[in-house]
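Structural description and commentary
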Amino acid sequence: MKEKIKRTHFANELKENILGEKVKVGGWIEDVRDIGKIIFLVIKDITGSIQVIVDPEEFPQIREIPRQSSILVSGKIQKSKAKEMTVELKLEEVVAIYLSKHPLPIDPTGRLESSLDKRLDARALDLRNENVSKLFVIRSIALQIVRKTLLEMSFLEVNTPKIIGSASEGGANLFEFDYFKNKAYLAQSPQLYKEQLVLALDRVFEIAPYFRAEKSNTVRHLTEFYSVDIEAAFLDHYDIMEIMERVIKNVIIGINDSALLDFTTNDFLNKAIEPKFPRLTYQTCIEELKENGECVTYGDDLSDSSLRKLGRLHPGFYFITEWPLKLKPFYILENKRDPFLSDSFDLQIGYLELISGGSRQHDPTKIRNRLAEQGLNPDKFSEHLKVFDWGMPPHAGCGLGLDRLIMSLTGSMNVREVVLYPRDPYRISP
Ligand code: AMO
C-alpha cells in the first residue's frame, strides 16, 4: 500500500529537465476542462499545479470525479502547447481517487468569494487556496528565522507550563477552570517563569500560545494568541530593543527572499528595514498627538484613537519608550532619572502594538509594593518572589505577538487570517 500511494514528485518539480520521464503526482483536482476529445485536468498540491491531459475514451471515469477530490495519477511528462506552462502530464494511470462531496461549504479556488467566518468554518478546505496557504508558509518561515536569530544570540529555547495556579500578569483576564476540585488558570504569559529562569539559564526564549479572557471583538485580539517571549540576564531594555529589531529585520529579509508576497507589500517591508526603527518617548508621542489635535493627557494610556493617529504619523515600525510606570505591569523597573516613568518600551507598526517589554524590577520588596498598588495580593506571588532571594541578576525581556507580526507583515486586515484555528469570544471551533 505504501508504494501505491507514494508520489515521485511534487508539482513544482515537474520541469523540462524530466521530459519523457514517467512520474506519479498526488494532489487535488482544482479544475476540469472537457472539450470532448480531450479533458484537461489541473491537479494542485501545496507547491503548485500541473495540467494533466486525459483521453476520455481511455479514462471515461474522470468525467465522474468532482472537483477538489484527491487524486493520484501517473504518466509521462511532455512539452505543453499552452503558453502559460512549459510541461504537462499525459495520463497513463489513475492510481487512487478520494472523492469530495458536493456542494462544498466554500469554493477554495477563490472564484466564489466567501466571508472570513465561512472560510474559518471550513478552514482545512480554505487552505487549498494558495493565497491562504502562503500565509502559513510565511508564518513557518518567520518562526524558523525567529528561532535561528535568537539561538545565534545565545538564547535557549524553553517550555513553561500553561496550566498555572495563580496569575502571571494580573487578575482581570484570566481563564479559570476546575482542576481536581481546585482552581487553576490558563497562562496569560510566561512572565514569572521566564524571569525565574534567567537566574541560571541566563538567556531564554519561548514561543507558545497564551490565553486572555478578553471579550474584545477586534481584528487584533484573540483569546488564544502566540507570543515570542524573551528574557535575558545582565541586559537592559535598550539591549532587548536592539535584539528584537534584529529579529524582525531578519524575518522581513527571509519573507522577501521567499518571494511569496506581492510587490506593494514587499516594497513597504523593504522600506521598513532600511532605517533603524525610530525611538519615540511617550512624552514625544503625547506632544505629537496634541499638535495634531488629539485630546490627550500626559500620564494617561494611549487610546485606540490616539494610537490610530500616531499610526498615521508613523506608518512603519517605531518604538515608544519611557511609559509612565503606573501604566506598566508590576514587574517593570522604574526609571532612575524620573521615577514617574519606567524603563519600558512597546514596538508599534502603525497603530498596532507588536511588542511590549522592559527592564525588570529585581527588588522583591518593590515588587510587593507595586503588586499591592495594582490591587494584587503580594502573598499570592511568594513562590515567585522567593527566587529573587536566591541571587536574581538584573534582567530585561519582552513579548512579541506573533500573530500580529504575521498579520502586519503579510498586509492582512484581520489577525484571524493568519491563525489556523482562531479563538475569540465567539469562536471555539473548529
Ligand atoms: P503584553 O500583554 O503586552 O505583554 O503582550 C505582549 C504582546 O502580545 C500580543 N498580544 C496579543 N495578541 C493577540 N491577541 C491578544 N489578546 C493579545 N494580547 C497581547 C501583543 C503584545 O504586544 N509579559 C508581557 C511581555 C513582557 O514584558 O515580556 C506581556 O505579556 O502583540
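Please read these numbers as outputs of a predicted model, since none were measured by experiment.

**What to know about the pairing of strand β15 (residues 352-359)**
Among the 8 residues of β15, 6 are classified as buried, and the element is accordingly described as predominantly covered. Pairing of strand β14 (residues 344-349) with β15, which is carried by 6 bridges, proceeds in the antiparallel orientation. Residue Ser344 lies in a different strand from β15, and its bridge partner there is Gly358. Adjacent in sequence and paired antiparallel, β14 and β15 are bridged by 2 residues, among which Gly350 carries a positive phi angle near 60°. Note: β15 against strand β16 (residues 395-401), 5 bridges, orientation antiparallel. Bridged to Ser356 within β16 is Gly399.

**Regarding the site of the ligand**
Close to the ligand lie 23 residues; Glu169, Gln191, Lys194, Glu353 and Arg360 are nearest. Leu354 is positioned with one of its backbone polar atoms (N or O) 2.9 Å from an oxygen atom of the ligand. Residue Arg360 places a side-chain N or O atom 2.7 Å away from an oxygen atom belonging to the ligand. Notes on the ligand: free accessible area 620 Å², of which the protein chains cover 92%. Cavity membership is defined here by more than half of the atoms lying within 2 Å of grid points; on that basis the ligand lies in the largest pocket. Elements with a contribution of two residues or more to the shell around the ligand: α4 (191-201), β11 (224-233), β15 and β16. Per-element tally for the shell around the ligand: the top contributor is β15, with 5 residues. A per-class count over the shell around the ligand returns 6 nonpolar, 8 polar and 9 charged.

**Some remarks on a nonpolar patch on the surface**
Together, Phe10, Ile46 and Val137 line one region of the surface with nonpolar side chains, adding up to about 240 Å² of accessible area. Along the chain, Val137 turns up in helix α3 (residues 130-152).

**Let's talk about the pattern of salt bridges**
Applying the stated criterion across every chain yields a total of 35 salt bridges. Between Lys194 and Asp229 there is a salt bridge whose closest N-O contact spans 2.7 Å. You can see Lys194 sitting in helix α4 and its partner Asp229 sitting in strand β11, a full 35 residues away along the chain. Note on accessibility: Lys194 and Asp229 belong to one class, buried. By sharing partners, the salt bridges in this structure join Glu242, Glu245, Lys249, Lys276 and Arg279 into a single network.

**With respect to the packing of helix α5 (residues 237-258) against helix α6 (residues 263-273)**
Axis separation between α5 and α6 bottoms out at 10 Å; the angle between their running directions is 150°. As α5 packs across α6, the resulting crossing turns out to be left-handed. Contact residues: α5 offers Lys249, Ile252, Ile253 and Asn256, while α6 offers Asn266, Leu269, Asn270 and Ile273. Among the residues making up the contact of α5 with α6, the classes are represented as 4 nonpolar, 3 polar and 1 charged.

**Observations regarding α6**
Listed in full, the buried residues belonging to α6 are Thr265, Asn266, Leu269, Ala272 and Ile273. Considered in projection along α6, the buried side chains sweep an arc of 120° and stay on one side of the axis. Relative to its buried face, α6 has exposed residues pointing more than 90 degrees away, namely Phe263, Thr264 and Lys271. Buried residues along α6 sit in contact with α5, β13 (317-321) and α11 (402-409).

**Some details on the packing of aromatic side chains**
If you walk through the whole model with that rule in mind, you get 10 aromatic pairs. Between Phe277 and Phe319 the ring centres are 6.2 Å apart and the planes differ by 45°, which places this aromatic pair in the tilted class. Remark: Phe319 occurs in strand β13 and Phe277 occurs in the loop between α6 and β12 (279-281); sequence separation between them is 42 residues. For the pair shown, Phe277 and Phe319 are each scored as buried. Put simply, the rings of Phe277, Phe317, Phe319 and Phe345 pair up and form one aromatic cluster.

Each value, and the rule that gives it
Residues numbered from 1 in each chain as written. Predicted model: local features only at pLDDT ≥ 70, side-chain atom pairs only at ≥ 80, totals over all residues. Heavy atoms only, no water. Buried < 20%, exposed > 50% of the residue type's maximum accessible area, 1.4 Å probe, protein only. Helix = DSSP H or I, 4+ residues; strand = E, 2+ residues; numbered from the N terminus. Pairing = 2+ DSSP bridges. Near = heavy atom within 4 Å. Polar contact = N/O pair within 3.5 Å; in protein donor to acceptor, adjacent residues only side chain to side chain. Areas by Shrake-Rupley, 256 points an atom, 1.4 Å probe, with all protein chains shown as cover. 1 Å grid on protein atoms, 1.4 Å probe; cavity = no way out; pocket = protein on both sides within 12 Å on 5 of 7 lines; lining within 4 Å. Sits in = over half its atoms within 2 Å of the grid points. Nonpolar A, V, L, I, M, F, W, Y, C, P; charged D, E, K, R; others polar. Patch = residues over 30% accessible without salt bridge, like charges linked within 9 Å, V, L, I, M, F, W, Y side chains within 5 Å. Salt bridge = Lys/Arg side-chain N within 4 Å of Asp/Glu carboxyl O. Axes fitted to C-alpha atoms, helices over the stretch in contact; angles between N-to-C directions. Left-handed = near helix turned anticlockwise from the far one by under 90°. Contact = heavy atoms within 4.5 Å. Arc of directions from axis to C-beta. Phe/Tyr/Trp six-rings, centres within 6.5 Å; stacked < 30°, edge-to-face > 60°.

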